[in-house]
Amino acid sequence: MSDALIDALNPALFWEYRLVLLRGLAFNAYVFFAAAAVALLIGLAAALLRVNRARPFRWVGTLHVEVFRNAPDYIMIVWVHFVLPLLLGKLIGQRVEFSPFVSAVIALGFVYSGYFAETFRAGIQSIPQGHLDAARACGMGETTILVRIILPQVVRRMLPEAVNQFVSLFKATTIVSLIAVPDLMYQVSMVTQQEMRPLPLYTWAALTYFVVIYLVAGSLRRLSEHWRQKIYA
Amino acid sequence: MSNWERLVWNQRGLLWQGLTVTVEICLLAFALAIVGGLVLCLVRLHVRPLRPVAVALIEFFRATPIFVQLMWVNYVWPELFGWPNSFFTSGWVALGLQSSGYLAETFRAGIEAVPRGHREAGYSVGMSSFQVYRRIVLPETLLTVAPSIVNQFTVIVKSSTLVSVITVPDLMLQAMKLVNVWYEPIEVLTATAIIYIALVFLVSSAGKALADFHRRRFGLDSA
């Protein structure tokens, strides 16, 4: 058993492939940033629908949130990759194909938009009616109110929650390897097939993700706390 | 519509079989998560010498993605510990371990939220510290953390789709098999997605209702 342990903790093989693996980790980051942008935009749109005065809009927003918050990431990625292009193709009468990267970004973006929508909504609803009345009394339009009164406060209020969701999103980017986006896990499985030594490779992959996520999550939390206090002061 | 009948309705036996495997795995993982989370949390709070180990394990489980952990448990553990010896076991063990990290932190927050006075009241009527835990601290904690536990269970159900990657024949794997046999992904994958969304929705609604019911029964507000 101790031989296996030494083998598992030996970083030599992992280090040998560091360039390929680092490129994989960069792909995790690309997917993360693109999906986060999609999730924030669509999440905001869904949240605005959910607090809309007109009931049909609210229904659409609620449906969006319930569907995407309850959907497993993996099935959504597979669905977007294999089903959505076919449906779109039937709609416009042309062959449509998504690259794995695009599918991953769309799927993760939509799934996490459900979570972000709820965070945005909680933030929006926590804004005192008086602020909105004051803005209207100054003659601001709805868009100006959204951009200058609502969003700045919402962003500050949702930061801690949003940081948690960004961390979950980053963790979810590991499963994009399953539709052949060349991320770190994909590269690890490729190298494993070549070297036939899963022990050190998977152990160090897990340790790498642990260190990256632990450090990034910690510093994001500290940053957001610092920023909140500085602005609130 | 005939594809729906041919590929989904006529294959309902297979899909149902997959669904039972999914449910089985989720329940086993959930049980492991609760027991493991409680143990990790109690060790962290009360067993001084083992505290760093518990903290390290909790942080490790929480900060590694479930897919990475699944692969790690599946490929590395059998050689390292000679166990788990089947894909099915790897699947639920990995799911359970990940959630036990989260639940440990949830339990800790719950335990620390129990007012000091309740514990002291227990001691003052002559309870031992084990009795105080069993009869005062744990019941109160379970009530306050019930919503988070339900939430964690839905996370387990969602992550359980990944065990199909290590060829555990769950709903996801059966669906992918059908896709690979017929090359008609639209109906099968849509139906599978709907089943999963409905399952998670059902679990979270039922869990919420149960948690609310208990909280009201014990006189806590349902917020």
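The rules behind the values
The written sequence of each chain sets the order in which its residues are numbered from 1. The naming scheme follows written order: chains are lettered A onward, ligands numbered 1 onward. Per-residue local features of the predicted model are confined to residues with pLDDT of at least 70, and side-chain atom pairs are confined, for both listing and counting, to 80 or more; whole-chain, interface and lining totals are unaffected and use all residues. With hydrogens and water set aside, each side-chain value is computed from the structure's full complement of heavy atoms. Secondary structure elements follow DSSP: runs of H or I of four or more residues count as helices, runs of E of two or more count as strands, with numbering from the N terminus. For every residue, the accessible area obtained with a 1.4 Å probe (protein chains only) is divided by the maximum for its type, and the residue is called buried under 20%, exposed over 50%, and partly exposed between those limits. The criterion used for residue contact is that any of the two residues' heavy atoms lie within 4.5 Å. Salt bridges are identified by distance alone: a Lys or Arg side-chain nitrogen within 4 Å of an Asp or Glu carboxyl oxygen. One confidence number per residue, pLDDT, is output by the predictor and ranges from 0 to 100. Given a helix with a known number of residues, its expected span is that number minus one, times 1.5 Å. Read the arc as the range of directions from the helix axis to the C-beta atoms. Residues belong to one nonpolar core when they are buried, are Ala, Val, Leu, Ile, Met, Phe, Trp, Tyr or Cys, and are joined through side-chain atoms within 4.5 Å. Classification of ring pairs uses Phe, Tyr and Trp, with its six-membered ring standing for Trp, and accepts pairs whose centres are within 6.5 Å; under 30 degrees between planes counts as stacked, over 60 as edge-to-face, and the remaining range as tilted. Here the quantity called buried area is the accessible surface, traced with a 1.4 Å probe, that two parts lose on coming together, added over both.

**Quick word on the environment of Ile197(B)**
Inference 1: Counting through the fold element by element, Ile197(B) comes out in helix H10 (residues 185–217).
Inference 2: Since its relative accessible area comes to 17%, Ile197(B) is described here as buried.
Inference 3: For Ile197(B) and Lys158(B), which are 39 residues apart along the polypeptide, the C-alpha to C-alpha distance reads 8.9 Å.
Inference 4: Residues in contact with Ile197(B), not counting those within four places in the same chain, are Val67(A), Asn70(A) and Ala71(A).

**Looking at the environment of Gly24(A)**
Inference 1: With respect to the secondary-structure elements, Gly24(A) resides in helix H3 (residues 18–50).
Inference 2: Those residues in contact with Gly24(A), other than ones at most four positions away along the chain, are Pro182(A), Asp183(A), Leu184(A) and Gln187(A).

**Structural notes on the pattern of salt bridges**
Inference 1: The full count for this structure, using the stated rule, is eight salt bridges over all chains.
Inference 2: For Arg121(A), the salt bridge goes to Glu118(A), with nearest N and O atoms at 3.1 Å. Taken together, the positions of Arg121(A) and Glu118(A), both in helix H7 (residues 100–125) and three residues apart, correspond to about one turn of that helix.
Inference 3: On the accessibility criterion, Glu118(A) (16% relative accessible area) is buried.
Inference 4: Because the salt bridges share partners, they merge into one network encompassing Arg44(B), Glu105(B), Arg108(B) and Glu112(B).

**With respect to the confidence of the model for chain B**
Inference 1: This prediction gives chain B a mean pLDDT of 90; 97% of its residues lie at or above 70.
Inference 2: When mean pLDDT is taken per element in chain B, helix H2 (residues 12–46) of chain B scores highest with 94 and helix H1 (residues 2–9) of chain B scores lowest with 81.

**Let's talk about helix H10 (residues 184–195) of chain A**
Structurally, the α-helix is built with 3.6 residues per turn, so residues lying three or four positions apart point the same way.
All names here are of chain A.
Inference 1: In a regular helix each residue adds 1.5 Å, so twelve residues correspond to 16 Å; H10 covers 16 Å between its end C-alpha atoms and thus fits that length.
Inference 2: Of all the positions in H10, only Leu184, Met185, Gln187, Val188, Val191 and Thr192 are classed as buried. All buried residues of H10 lie within an arc of 155° about the axis, which places them on one face of the element. In H10, the exposed positions that point more than 90 degrees away from the buried face belong to Gln193 and Gln194.
Inference 3: Backbone geometry just after H10 places Met196 at a positive phi near 55°.

**Quick notes on the nonpolar core**
Residue and element names in this part refer to chain A.
Inference 1: In this structure, Leu108 and Tyr112 are the most contacted members of the largest nonpolar core, which totals 131 residues.
Inference 2: In terms of residues, this core owes the most to one element, helix H9 (residues 142–172), which gives twelve residues.
Inference 3: In this structure, Leu108 is in contact with Val31, Ala35, Asp73, Ile77, Leu169, Ala172, Thr173 and Val176, ignoring residues within four places of it in sequence.

**Section: unusual backbone geometry**
Inference 1: Here the bond from Trp83(B) into Pro84(B) is cis, since omega is 0°, no more than 30 degrees from zero.
Inference 2: Secondary-structure assignment places Pro84(B) in the loop between helix H5 (77–81) and helix H6 (87–113).
Inference 3: The backbone phi angle of Ala180(A) is positive, close to 70°, even though this residue is not glycine.
Inference 4: For Ala180(A), the position within the fold is in the loop between H9 and H10.

**Topic: the packing of aromatic side chains**
Inference 1: Scanning the entire structure with this criterion turns up 16 aromatic pairs over all chains.
Inference 2: With 6.1 Å between their ring centres and 75° between their planes, Phe32(A) and Phe166(A) make a pair best called edge-to-face. Here Phe32(A) is found in helix H3, whereas its partner Phe166(A) is found in helix H9, with 134 residues between them in sequence.
Inference 3: Overall, the relative accessible area of 13% leaves Phe32(A) in the buried class.
Inference 4: With centroids separated by 5.3 Å and ring planes inclined at 90°, the aromatic side chains of Trp77(B) and Phe81(B) adopt a geometry described as edge-to-face.

**Here's the deal with the side chain of Gln69(B)**
Inference 1: Structurally, the position occupied by Gln69(B) is in helix H4 (residues 66–75).
Inference 2: Excluding residues within four positions of it along the chain, Gln69(B) makes contact with Phe60(B), Phe61(B), Thr64(B), Ala94(B), Leu97(B) and Gln98(B).

**Quick look at the environment of Ala47(A)**
All names here are of chain A.
Inference 1: Along the chain, the position of Ala47 falls in helix H3.
Inference 2: C-alpha separation for the pair Ala47 and Ala117, spaced 70 residues apart in sequence, amounts to 4.7 Å.
Inference 3: Setting aside its immediate chain neighbours within four residues, Ala47 contacts Ala117, Phe120, Arg121 and Ile124.

**Some remarks on the interface of chain B and chain A**
Inference 1: On the chain A side, the residues contacting the 34 residues of chain B number 37 residues.
Inference 2: Both faces considered, chain B and chain A share a buried interface measuring about 3,200 Å² in area, 79% of it formed by carbon and sulfur atoms.
Inference 3: It is Leu80(B), Lys158(B) and Ile186(B) that lose the most area in chain B upon contact with chain A, and together they represent 17% of the buried surface on that side.
Inference 4: Counting the contacts that link chain B with chain A gives zero salt bridges.
Inference 5: Elements supplying a minimum of two residues to the side of chain B that touches chain A: helix H3 (51–63), H4, H5, H6, helix H9 (171–182) and H10 of chain B.

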